[in-house]
Amino acid sequence: MHDEPATDTKIAIRFDDVSFSYGELRVLDGAHFHIHAGEFAALIGPNGAGKTTVLKLLLGLASPSSGTITVLGLPPKNARQSIGYVPQHASYDPAFPISVSEVVRMGRLRGSTRRYARTDADAVSKALELADVAELASRPYSELSGGQRRRVLVARALAAEPELLVLDEPTANMDAESEGRLFRTLGSLKGHATILVVTHDTGFVSALTDAVFCVGERGAGRSVIRHKVEPADHVANELYGGPALQVLHDTELPENSCCGGKEER
Amino acid sequence: MNGYVSALFDPSMPFVRNALIAGLLSSILFGALGAVVTVKRIAGLAGAISHAVLGGIGMALFLSATGVVPGLPPIVGAFVFAVIAAGIIGFVSLKAKQREDTVINAVWAIGMSVGVLFIAKTPGYADPMSYLFGNILLVSAKDLAMLAILDAAVVLLAWRFYPQIEASAFDEEFARVRGVPTDAIFMATLAVTAIAVVLLQTFVGLVMVIAMLTLPSGTAGFVSRNLAGMMVGGAVMSAAFTVTGLAASWALDMPAGAVVVVVAGAVFLAASAVAAIGARTRRRKAGETGPRRPA
């Protein structure tokens, strides 16, 4: 374990020499990176690079074969109640009868507790507003378009009033309008919560992004590398829900670059 | 129909009344458990458990008739096989997902075959058909009491853990992130299904258990707004199918269980057709009035 760095910003996510294998297949090898509280970070990489593995590890759904992971200062499993997770799609049965507000209320679920309190109802309406889906609250979830469903899943994650919001491929198969609304939501959250967006688009990221981490660039033993970005004025705004940044894959920022060189390894 | 109603109140025919009470009590089970089985899409798993139970019934009949374990009731064999089948299927489903289909089919086929083999070698006559399709007119007062206890347990579990059941059926990964013990809920669902199959095999029959676990709640699913509505709706549908089926079978002198399932299946198919046509019409309307893409 490392001590907190001597800076005034807290670390939201820290991977310390984390390795992970599926049987013989080595997916991550010595991944070492950290994300500061309040940052908007992008985790990018081609399909099969290990992004989902990084997600599973930080949500505590899988355990590393070596190394340590700290999320909000806690082991991932203990930090879960403060994480808002937006999966790529809910693995649900299209015939499942459920309303939008009932889906969002799941974000308030705690272990085996049965009752929802007044504060839960308030958090649900706030989350519906934040994710710009309040007008859909009483609609059946199955009647929504793909983009609307994704924003409902964002509301479900926000209902937990998370300190860390994790979104897996939030814009895959999303229409431009929904994408614009989603990034407006994320823009309004920036600074209040740490946001981690996972995407297979390795070329460009939203201009909201503070830090870009690329998974899977070191051959067989993959790791996570921090890249530089620069404004990409030639890219149409509607493609990235607003202005975009181009990822410079030929650059590699040192792990401590964000802390003025103070973050020790 | 009049004949059925007067038979219900005929003191010399308690079995007619017992059959109706059994049908209504099992409706509660079919509603609550059936909704979970349907939305979690584990009807195939439930089917394998229920068919594997025939192996246990056959083995118990054989052991009892040959005097190895005198007086061993078939329900004991059924229970043992149900627990083994649920255990194997649950383990494979949680730990070795890639083999799930094959293992489920193996449990299904081996269980039934073992049952047929044992019944064939059992001295005297035993008819596998009566276990596959049941005989609702054989219900005893003790069966009714056990069914009522199972109903109470299932309703209590569904009420107490409703948010967890709902969340893990809707999106298991998210539920796990929220700290819901999804594996335990899955195993509990399989266990309750196994117990329900064992209790219902005498009168509803092994094949019909699966039909009634899926058809009424599937039908209710078309009109329900949430999982709780599907549970209640499934129970109401199941009760309606049972009463209609029992009355029709009495009037037409046909096997009660089969008539109940035919009624349930016909209503489900009709509802599916209506829902499909309705969805198509809605899409067409939306297509006509919705924004057109620029060419």
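What you see is a predicted model, and the numbers here were worked out from it, not measured in a lab.

1. Notes on the overall build of chain A
Thought 1: The secondary structure content of chain A amounts to six helices and 11 strands.
Thought 2: Counting only residues that meet the buried cut, chain A has 52% of its 265 residues in that class.
Thought 3: For chain A, the exposed surface amounts to about 11400 Å²; the carbon and sulfur share of it is 48%.

2. What to know about the overall build of chain B
Thought 1: Helix and strand content of chain B: 13 helices and zero strands.
Thought 2: Starting at the N terminus and ending at the C terminus, chain B contains elements arranged as α-α-α-α-α-α-α-α-α-α-α-α-α.
Thought 3: For chain B, the residues scored as buried account for 48% of the 295 residues in total.
Thought 4: Sequence separation of 24 or more characterises 75% of the internal contacts of chain B that already satisfy a separation of 6 or more.
Thought 5: Carbon and sulfur atoms form 71% of the exposed surface of chain B, whose accessible area is close to 13900 Å².
Thought 6: Looking at chain B, you have 19 positive and 13 negative side-chain charges, and the mean spots of the two groups are 10 Å apart.

3. A short note on the packing of helix H2 (residues 14–39) of chain B against helix H10 (residues 182–200) of chain B
All names here are of chain B.
Thought 1: As a packed pair, H2 and H10 sit with axes 11 Å apart at the nearest point and diverge in direction by 145°. Handedness of the H2/H10 crossing: left-handed. Along the contact surface, H2 presents Ser26, Leu29, Phe30, Leu33, Val36 and Val37, while H10 presents Thr189, Val192, Thr193, Ala196 and Leu200.
Thought 2: Of the residues in the contact of H2 with H10, the class split is eight nonpolar, three polar and no charged.

4. Some words on the interface of chain A and chain B
Thought 1: Contacts between chain A and chain B engage 34 residues on the former and 28 residues on the latter.
Thought 2: Between chain A and chain B, the buried area comes to about 2900 Å², and carbon and sulfur atoms account for 55% of it.
Thought 3: Applying the counting criterion to the chain A and chain B interface returns one salt bridge.
Thought 4: Here Arg156(A) ties to Asp171(B) by a salt bridge, and the two come within 2.8 Å at their closest N and O atoms.
Thought 5: Our count for the chain A to chain B interface comes out at 13 residue pairs in polar contact (both at pLDDT 80 or more).

5. Brief notes about the sheet that holds strand E1 (residues 11–22) of chain A
All names here are of chain A.
Thought 1: Strand order in the open sheet made by the three strands is E2-E1-E4, with antiparallel pairing throughout. Only two strands of the sheet have a single neighbouring strand rather than two, namely strand E2 (25–36) and strand E4 (66–71). Here the strands of the sheet are splayed against their neighbours by 15° on average, with no regard to which way each runs.
Thought 2: Examined bridge by bridge, E1 and E4 share five bridges and lie antiparallel to one another.

6. Comments concerning the pattern of salt bridges
Residue and element names in this part refer to chain A.
Thought 1: Under the definition given, this model contains 13 salt bridges over all chains.
Thought 2: A salt bridge links Arg108 to Asp120; the shortest N-O distance between them is 2.8 Å. Of this pair, Arg108 sits in the loop between helix H3 (100–105) and helix H4 (118–130) while Asp120 is found in helix H4, placing the two residues 12 residues apart along the sequence. Of the two residues, Arg108 and Asp120, both sit in the buried class.
Thought 3: With a closest N to O distance of 3.2 Å, Asp122 and Arg118 form a salt bridge. One end of the pair is Asp122 and the other is Arg118, both in helix H4 and four residues apart, which spans about a single turn.
Thought 4: What makes Arg118 exposed here is its relative accessible area of 64%.
Thought 5: What emerges from the salt-bridge pattern is a single network uniting Arg108, Arg110, Asp120 and Glu161.

7. Quick notes on helix H7 (residues 141–160) of chain B
Note that an α-helix has 3.6 residues per turn; residues three or four places apart therefore point the same way.
Thought 1: Given a rise of 1.5 Å per residue, 20 residues ought to cover 28 Å, and the 29 Å separating the end C-alpha atoms of H7(B) matches this to within 8%.
Thought 2: Residues of H7(B) that are buried in the fold lie against H2, helix H8 (162–170), H10 and helix H12 (227–252) of chain B.

8. What to know about the side chain of Arg178(B)
Thought 1: The topology assignment puts Arg178(B) in the loop between helix H9 (172–177) and H10.
Thought 2: Buried Arg178(B), no salt bridge; nearest opposite-charge side chain is Asp120(A), N-O distance 7.8 Å.
Thought 3: Of note is the side chain of Arg178(B), whose polar atom sits 3.3 Å from the backbone oxygen of Gly107(A).
Thought 4: Apart from residues lying up to four places away in sequence, Arg178(B) is in contact with Arg80(A), Gln81(A), Ile83(A), Met106(A), Gly107(A), Arg108(A), Leu109(A), Arg110(A), Gly111(A) and Ala160(A).

9. Observations concerning the pairing of strand E3 (residues 40–44) of chain A
All names here are of chain A.
Thought 1: Burial analysis of E3 places five of its five residues in the buried class, the great majority of the element.
Thought 2: Burial along E3 is two-sided: Phe40, Ala42 and Ile44 facing one way and Ala41 and Leu43 facing the other are all buried.
Thought 3: In terms of strand pairing, E3 meets strand E7 (residues 194–199) through five bridges, oriented parallel. Bridged to Ile44 within E7 is Thr199.
Thought 4: One ladder, built from four bridges, connects E3 with strand E9 (residues 211–215); its direction is parallel. Within E9, the residue paired with Leu43 across the bridge is Phe213.

10. Some details on the pairing of E2(A)
Residue and element names in this part refer to chain A.
Thought 1: By the bridge criterion, eight bridges tie E1 to E2 in an arrangement that is antiparallel. Paired with Ile13 across the two strands is Ile35, which belongs to E2.
Thought 2: Between the antiparallel neighbours E1 and E2 lie two residues, among them Gly23 with a positive phi of about 60°.

11. Structural notes on the confidence of the model for chain A
Thought 1: When pLDDT is averaged across chain A, the result is 82; 86% of the residues are at 70 or more.
Thought 2: Across residues 1–8 of chain A the pLDDT falls below 50, and counting only partners more than four positions away or on other chains, this stretch makes 18 contacts in the model.

Conventions used here
- Think of each chain on its own: its residues are numbered from 1, step by step along the sequence as written.
- Note on labels: chains are lettered from A, ligands numbered from 1, in written order.
- Residue-level local features of this predicted model are given only where pLDDT is at least 70; pairs of side-chain atoms are given and counted only at 80 or more, and the full residue set underlies all totals for whole chains, interfaces and linings.
- Calculation of side-chain values draws on the structure's entire complement of heavy atoms; hydrogens and water are dropped beforehand.
- Only DSSP runs of H or I reaching four residues or more are called helices, and only runs of E reaching two or more are called strands; each is numbered from the N terminus.
- Summary of the burial criterion: residues with accessible area below 20% of their type's maximum are buried, those above 50% are exposed, and those between are partly exposed, where the area comes from a 1.4 Å probe applied to protein chains only.
- Per-residue and other accessible areas were derived by the Shrake-Rupley procedure at a 1.4 Å probe size, with only the shown protein chains allowed to occlude residues.
- Working rule for contacts: check all heavy atoms of both residues, and any pair within 4.5 Å makes them a contact.
- When charges are counted, neither His nor the chain ends are considered; positive counts come from Lys and Arg and negative counts from Asp and Glu.
- By convention, the point assigned to a charge is CZ for Arg, NZ for Lys, CD for Glu and CG for Asp.
- For helices, the fitted line uses only the C-alpha atoms of the stretch in contact; every axis is such a line through C-alpha atoms, and the angle between N-to-C directions lies from 0 to 180 degrees.
- Definitions for this section: a left-handed crossing has its near helix turned counterclockwise from the far helix by less than a right angle. A right-handed crossing has that turn clockwise.
- Amino acids are sorted into nonpolar (Ala, Val, Leu, Ile, Met, Phe, Trp, Tyr, Cys and Pro), charged (Asp, Glu, Lys and Arg) and polar (every other residue, Gly among them).
- When two parts are put together, the accessible area they lose, computed with a 1.4 Å probe and summed over both, is reported as buried area.
- Salt bridges, as used here, are contacts in which a Lys or Arg side-chain nitrogen is within 4 Å of a carboxyl oxygen on Asp or Glu.
- Polar contact is defined as a pair of N or O atoms within 3.5 Å, subject to the rule that within protein one atom must be able to donate a hydrogen and the other to accept it, and that residues adjacent in sequence are counted only when both atoms are side-chain atoms.
- Strand pairing is defined by DSSP finding a minimum of two bridges between the two strands.
- Any helix carries an expected span of 1.5 Å times its number of residues minus one.
- What pLDDT conveys is the predictor's confidence in a given residue, as a value from 0 to 100.

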